[in-house]
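Each chain, letter by letter, is given below.
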Amino acid sequence: MPKSKRNRPVTLSKTKKKPGLERKGKVVTEIKQAVEQYSSAYVFTYDNMRNQKLKDLREQLKSSSRIFLAGKKVMQIALGRSPADEAKTGLHKLSKFLQGDSGLLITNLPRDDVERLFREFEEHDFARTGTTATETVELKEGPLEQFTHEMEPFLRKQGLPVRLNRGVVELVADHVVCEEGKPLSPEAAQTLRLLGIQMATFRLYLVCRWSCDDFEVYKEGLAHLGAHDSS
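What counts, and at which threshold
Residues numbered from 1 in each chain as written. Predicted model: local features only at pLDDT ≥ 70, side-chain atom pairs only at ≥ 80, totals over all residues. Heavy atoms only, no water. UniProt positions renumbered as here; feature names shortened; annotations may be inferred. Helix = DSSP H or I, 4+ residues; strand = E, 2+ residues; numbered from the N terminus. Contact = heavy atoms within 4.5 Å. Polar contact = N/O pair within 3.5 Å; in protein donor to acceptor, adjacent residues only side chain to side chain. Buried < 20%, exposed > 50% of the residue type's maximum accessible area, 1.4 Å probe, protein only. Pairing = 2+ DSSP bridges.

- Per an unreviewed UniProt entry, the recorded name for the protein is Ribosome assembly factor mrt4, and the organism is Urochloa decumbens.
- Quoted verbatim from the Sequence similarities (unreviewed entry) field of the UniProt record, the comment on the protein reads "Belongs to the universal ribosomal protein uL10 family."
- The UniProt entry for the protein carries the following text under Subunit (unreviewed entry): "Associates with the pre-60S ribosomal particle."

If you want it as structure tokens, here you go:
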């Protein structure tokens, strides 16, 4: 007879921890270690995050700094949310600024170098669906010679009023791809990419800074953080 699937014994001692909890615990440990290793910590916010660009920045700063983008509560727990549980004196002051689109930079770089790095950091890229258009883009009636005839069906799917005229893609009427100040539709975002028009800029803004003997807030970064929270 086949073995019954009922009443199978369960060994509770071998129950594995949830991967999510292990990952969060690891992040907390890494932040605590970084705070011990480096001299200052910053909360920053950002526009138009690009993971590859952030990875490149991490690589650039790996000898002097650590960058953390994790759950806000996880980062707050690591730093401490009050004087009673903070990792170092005054460090809990950073926690209340970890909200919305924010992250942590823990570093040995001098303050002037960090401020210059953030001020000058700017990476342009193609905008994604939902991004606010920075300009109005309108295509005029006539040939679109930058596109091959094979692309005509795809362009039509993006909402462009096109046809083939002797093997040349032709716009049969003026067409507004996007309007300044309005969110991009999926079709508009794809069309802008095809046109080579980049409307997204990945930027970083310092919100506040902590060191053993100092704490300060950056007004511009705080304004950006507030804008993200209200959106």
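After that view of the structure, there is still more to cover.
Here we look at the environment of Tyr 205
Part 1: Mapped onto the secondary structure, Tyr 205 falls in strand E10 (residues 200-211).
Part 2: Remark: the alpha-carbon pair of Tyr 205 and Leu 225, spanning 20 residues in sequence, is separated by 8.8 Å.
Part 3: Once residues within four sequence positions are removed from consideration, Tyr 205 is found in contact with Val 43, Phe 44, Thr 45, Tyr 46, Asp 47, Phe 118, Glu 220, Gly 221 and His 224.
Part 4: Reaching out from Tyr 205, the side chain makes a polar contact with the side chain of Asp 47 at a distance of 3.1 Å.

Some points on the pairing of strand E1 (residues 40-47)
Part 1: In terms of burial, E1 is largely enclosed, as eight of its eight residues are buried.
Part 2: Side-chain alternation along E1 places Ser 40, Tyr 42, Phe 44 and Tyr 46 on one buried face and Ala 41, Val 43, Thr 45 and Asp 47 on a second face that is also buried.
Part 3: Relative to strand E3 (residues 102-107), E1 runs antiparallel, the two being bridged by six bridges. Directly across from Ser 40, in E3, lies its bridge partner Thr 107.
Part 4: Where E1 and E10 come together, eight bridges link them in antiparallel fashion.

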